[in-house]
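Listed below are the residues making up each chain.
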Amino acid sequence: MKVPIVNSSSFPLPAYSTLLSAGMDLRADITEPIVLRPLGRALVPTGIRIALPEGYEAQVRPRSGLAAKKGITVLNSPGTIDADYRGEVKVILVNLSDEPFTVERGERIAQMVIGRFTRVEWESVEALDATSRGEGGFGSTGVK
């Protein structure tokens, strides 16, 4: 599937790192480093704008290495880019570690996954069909 993209950054287009990768890395298109203090957050531009076809969305997700090694994650994970949005893709990063983290120009900060979605039409009913789980919620299926 071909997706129109405008790249105003000086970095290559987002690309899949391996043949079976689901996500494409997004880079920080910044002129100066951004220091994220512990529990601090920042809206980081990527320099790209996309035009997804109807029925598709882009999800912005954390990079597992940054999350595991540095405590840096995407605050509204996954962030959703709707098919009718034409603005710059930006990433809300948060520092969940106890040390400051510096985002450098061109650093890979998040990944973007493109996928289909289904729109629903609600049907109001008086009751839902019964299941063996019923209303069992958080932790109701056990921990082991």
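In this text, all values refer to a predicted model and were calculated from it rather than measured experimentally. (Residues numbered from 1 in each chain as written. Predicted model: local features only at pLDDT ≥ 70, side-chain atom pairs only at ≥ 80, totals over all residues. Heavy atoms only, no water.)

Side note on the pattern of salt bridges
Here is step 1 of the chain: Tallied over the full model, the rule gives 3 salt bridges.
Here is step 2 of the chain: A salt bridge links Asp25 to Arg63; its shortest N-O distance comes to 3.2 Å. A residue pair is termed long-range when its members are at least 10 positions apart, and Asp25 in strand S2 (residues 24–27) and Arg63 in the loop between strand S6 (56–61) and helix H1 (64–70) qualify at 38 residues.
Here is step 3 of the chain: We classify Asp25 as buried; its relative accessible area is 15%.
Here is step 4 of the chain: A salt bridge links Arg105 to Asp29, with the shortest nitrogen-to-oxygen separation between them at 3.4 Å. Residue Arg105 is located in the loop between strand S10 (101–103) and strand S11 (108–116), and its partner Asp29 is located in the loop between S2 and strand S3 (34–36); the two are separated by 76 residues in the primary sequence.
Here is step 5 of the chain: On the basis of relative accessible area, Arg105 is assigned to the partly exposed category, the value being 41%.
Here is step 6 of the chain: Using a relative accessible area of 18% as the deciding quantity, one classes Asp29 as buried.
Here is step 7 of the chain: One salt-bridge network, in which partners are shared between bridges, spans Asp25, Arg63 and Arg108. (Salt bridge = Lys/Arg side-chain N within 4 Å of Asp/Glu carboxyl O. Helix = DSSP H or I, 4+ residues; strand = E, 2+ residues; numbered from the N terminus. Buried < 20%, exposed > 50% of the residue type's maximum accessible area, 1.4 Å probe, protein only.)

Some words on the environment of Ala28
Here is step 1 of the chain: One can find Ala28 in the loop between S2 and S3.
Here is step 2 of the chain: Those residues in contact with Ala28 that sit more than four places away from it in its chain are Phe11, Val44, Pro45, Val103, Glu104, Arg105, Gly106, Glu107 and Ile109. (Contact = heavy atoms within 4.5 Å.)

Description of the sheet that holds S2
Strand pairs in the sheet, formed through backbone hydrogen bonds, run parallel or antiparallel to each other.
Here is step 1 of the chain: Ordered by their spatial adjacency, 4 strands build an open sheet running S2-S11-S6-S8, and the pairing between neighbours is antiparallel. At either end of the open sheet lies a strand with only one pairing partner, and these are S2 and strand S8 (79–81). On average, each strand axis in the sheet is inclined to that of its neighbour by 35 degrees, with strand direction left out of account. (Pairing = 2+ DSSP bridges. Axes fitted to C-alpha atoms, helices over the stretch in contact; angles between N-to-C directions.)

Quick look at the nonpolar core
Here is step 1 of the chain: Counting 27 residues, the largest nonpolar core has Val44, Val91, Leu93, Val103 and Ile109 as the members making the most contacts within it.
Here is step 2 of the chain: Excluding its chain neighbours within four sequence positions, the residues that come into contact with Val91 are Leu26, Ala42, Leu43, Val44, Thr46, Val60, Val74, Ile109 and Ala110. (Core = buried A, V, L, I, M, F, W, Y, C linked by side-chain atoms within 4.5 Å.)

Focus on the environment of Ser77
Here is step 1 of the chain: Tracing the backbone shows Ser77 in the loop between strand S7 (72–74) and S8.
Here is step 2 of the chain: Once the C-alpha coordinates of Ser77 and Val60 are considered, the two residues, 17 residues apart in sequence, prove to be 6.8 Å apart.
Here is step 3 of the chain: Setting aside chain neighbours within four positions, we find Ser77 in contact with Val60, Arg61 and Pro62.

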